[in-house]
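Fold and contact review
Residue-level listing of the chains:
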Amino acid sequence: MIRRRQPKPMNIETVQKWVASVILFHVGSVPAVSLAVYSLGIAKTDQGRGIGLWLMSGVIGLITVAGMRLIHQRSPLTPWLLLGALPTIVTGFYLF
């Protein structure tokens, strides 16, 4: 006879937090990555505007990760902030 594990009861607040985090990740990461990549093309003709877009991508990425941490009621100051700055860090090598 095979014993089946009983599933743990799911807490609705946990599910809501994860759904909100996934939505925030998508809404924040798309503009952050788009601005980082777009800044490379703009910087070829106008260095100042390219750097401005590049910096905005970093700010949006950092706010996104901090917001996700706050949704889960954790401290926003964490090494995970590097994940938010990743598009900016990667494109920085090509920009400079």
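Located above this text is the structure these notes cover.
Conventions used here
- The written sequence of each chain sets the order in which its residues are numbered from 1.
- The predicted origin of the model limits local features to residues at a pLDDT of at least 70 and limits the giving and counting of side-chain atom pairs to 80 or more, whereas totals for whole chains, interfaces and linings rest on all residues.
- Neither water nor hydrogens contribute to the side-chain values; these are computed over all heavy atoms in the structure.
- Every patch collects residues that have over 30% relative accessible area and no salt bridge, joining them within 9 Å if they carry like charges and within 5 Å if they are nonpolar side chains (Val, Leu, Ile, Met, Phe, Trp, Tyr).
- For the accessible areas, the method is Shrake-Rupley and the probe is 1.4 Å, while residue cover comes only from the protein chains on display.
- One speaks of a salt bridge when a side-chain nitrogen belonging to Lys or Arg is within 4 Å of a carboxyl oxygen belonging to Asp or Glu.
- Numbered from the N terminus, helices here are DSSP runs of H or I no shorter than four residues, and strands are runs of E no shorter than two.
- The convention used is that axes are lines fitted to C-alpha atoms, helices contributing only their stretch in contact, and that angles between N-to-C directions extend from 0 to 180 degrees.
- For classification purposes, an angle smaller than 35 degrees is called roughly parallel, one larger than 145 roughly antiparallel, one from 65 to 115 roughly perpendicular, and anything else oblique.
- Crossings are assigned a handedness: left-handed for a near helix turned anticlockwise from the far helix by less than a right angle, right-handed for a clockwise turn.
- Whether two residues are in contact is decided by their heavy atoms, any of which lying within 4.5 Å being enough.
- Classification convention: Asp, Glu, Lys, Arg as charged; Ala, Val, Leu, Ile, Met, Phe, Trp, Tyr, Cys, Pro as nonpolar; all other residues, Gly among them, as polar.

1. Concerning a nonpolar patch on the surface
- Taken together, Phe-25, Trp-80, Leu-82, Leu-83, Leu-86, Ile-89, Val-90, Phe-93 and Tyr-94 make up a surface patch of nonpolar side chains, about 1,000 Å² in accessible area.
- No other element matches the seven residues that helix 3 (residues 81-95) contributes to the nonpolar patch.
- For Trp-80, the location among the structural elements is in the loop between helix 2 (47-71) and helix 3.

2. Some remarks on the packing of helix 2 against helix 3
- One way to put it is that helix 2 packs onto helix 3 with a least axis distance of 6 Å and a crossing angle of 160°. In terms of orientation, helix 2 and helix 3 fall into the roughly antiparallel class. Seen along the crossing, helix 2 lies across helix 3 with a hand that is right-handed. Between helix 2 and helix 3, the residues in contact are Gln-47, Gly-50, Ile-51, Trp-54, Ser-57, Gly-58, Gly-61, Leu-62, Val-65 and Ala-66 and Leu-81, Leu-83, Gly-84, Ala-85, Thr-88, Thr-91, Gly-92 and Leu-95, respectively.
- A breakdown of the residues in the contact of helix 2 with helix 3 according to their chemical character gives nine nonpolar, nine polar and no charged.

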